[in-house]
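Coordinate inspection notes
In case you want the letters, here they are:
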Amino acid sequence: MARELTREEKRKIRALVVKWCANYNKEYGCLPLECECYMFGKCWTGAYCRYFREAVLPLDPALEAALLTEGPPPVFKPCPICGGAVPVDGRMAYCSEVCARIALRRQKREYMRKKRR
Ligand SMILES: [Zn+2]
């Protein structure tokens, strides 16, 4: 599954091409293709310029891992109870049913304590 490139990734791709791509020329763009670098117009992952993927991208291992890994990068927030991973895009506030129950119990206890005061 392809995903949209982040603005940061596009910026890094451009910087890598300008700095390292042997086929890139500031004045003419991509020399073999005689047009603007194909990688500059990319908005999605997948189908990279072959030269870029084999010779340029490995110079930035973090970017390489991000671009060649399928699907969106997993984004997690820590569970407030146990510190486990909770997907950010989901509706879950806790990593599991168990943690949700613990949290609820704590909230209730807090509530009772305040009420008694
Ligand atoms: Zn948890």
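Bear in mind the structure is a predicted one, so any value in this text is a computation, not a measurement. (Residues numbered from 1 in each chain as written. Predicted model: local features only at pLDDT ≥ 70, side-chain atom pairs only at ≥ 80, totals over all residues. Heavy atoms only, no water.)

The helix and strand tally for the chain stands at four helices and four strands. The N-to-C order of helical and strand elements in the chain reads α-β-β-α-α-β-β-α. The C-alpha radius of gyration of the chain comes to 23 Å, more than 25% above the 13 Å expected for a compact globule of 117 residues. By its C-alpha atoms, the chain is 75 × 25 × 20 Å across when sized along the principal axes. Within the chain, the fraction of its 117 residues that count as buried is 24%. (Helix = DSSP H or I, 4+ residues; strand = E, 2+ residues; numbered from the N terminus. Rg over C-alpha atoms; globule rule 2.2 N^0.38 Å. Buried < 20%, exposed > 50% of the residue type's maximum accessible area, 1.4 Å probe, protein only.)

For the rest of this paragraph, the subject is the confidence of the model for the chain. Averaged over every residue, the pLDDT of the chain is 88; the share at 70 or more is 94%. Here strand E3 (residues 76-78) stands out as the element of the chain with the lowest mean pLDDT, 81, in contrast to helix H1 (residues 7-20), whose mean of 95 is the highest. (pLDDT = per-residue confidence, 0-100.)

This part is about the side chain of Glu 9. Within the fold, Glu 9 resides in helix H1. According to the relative accessible area criterion, Glu 9 is buried, its value standing at 9%. A polar contact is formed between the side chain of Glu 9 and the side chain of Arg 3, at a distance of 3.1 Å. The residues touching Glu 9, leaving out its near neighbours within four places in the chain, are Arg 3, Leu 63, Ala 66 and Leu 67. (Polar contact = N/O pair within 3.5 Å; in protein donor to acceptor, adjacent residues only side chain to side chain. Contact = heavy atoms within 4.5 Å.)

The next thing to look at is the packing of aromatic side chains. Per the counting criterion, the structure on display carries one aromatic pair. Measuring from ring centre to ring centre gives 5.6 Å for Tyr 24 and Phe 40, while their planes differ by 55 degrees; the resulting arrangement is tilted. A residue pair is termed long-range when its members are at least 10 positions apart, and Tyr 24 in strand E1 (residues 24-25) and Phe 40 in the loop between strand E2 (29-30) and helix H2 (50-56) qualify at 16 residues. Judged by relative accessible area, which is 17%, Tyr 24 ranks as buried. With a relative accessible area of 15%, Phe 40 lands in the buried category. (Phe/Tyr/Trp six-rings, centres within 6.5 Å; stacked < 30°, edge-to-face > 60°.)

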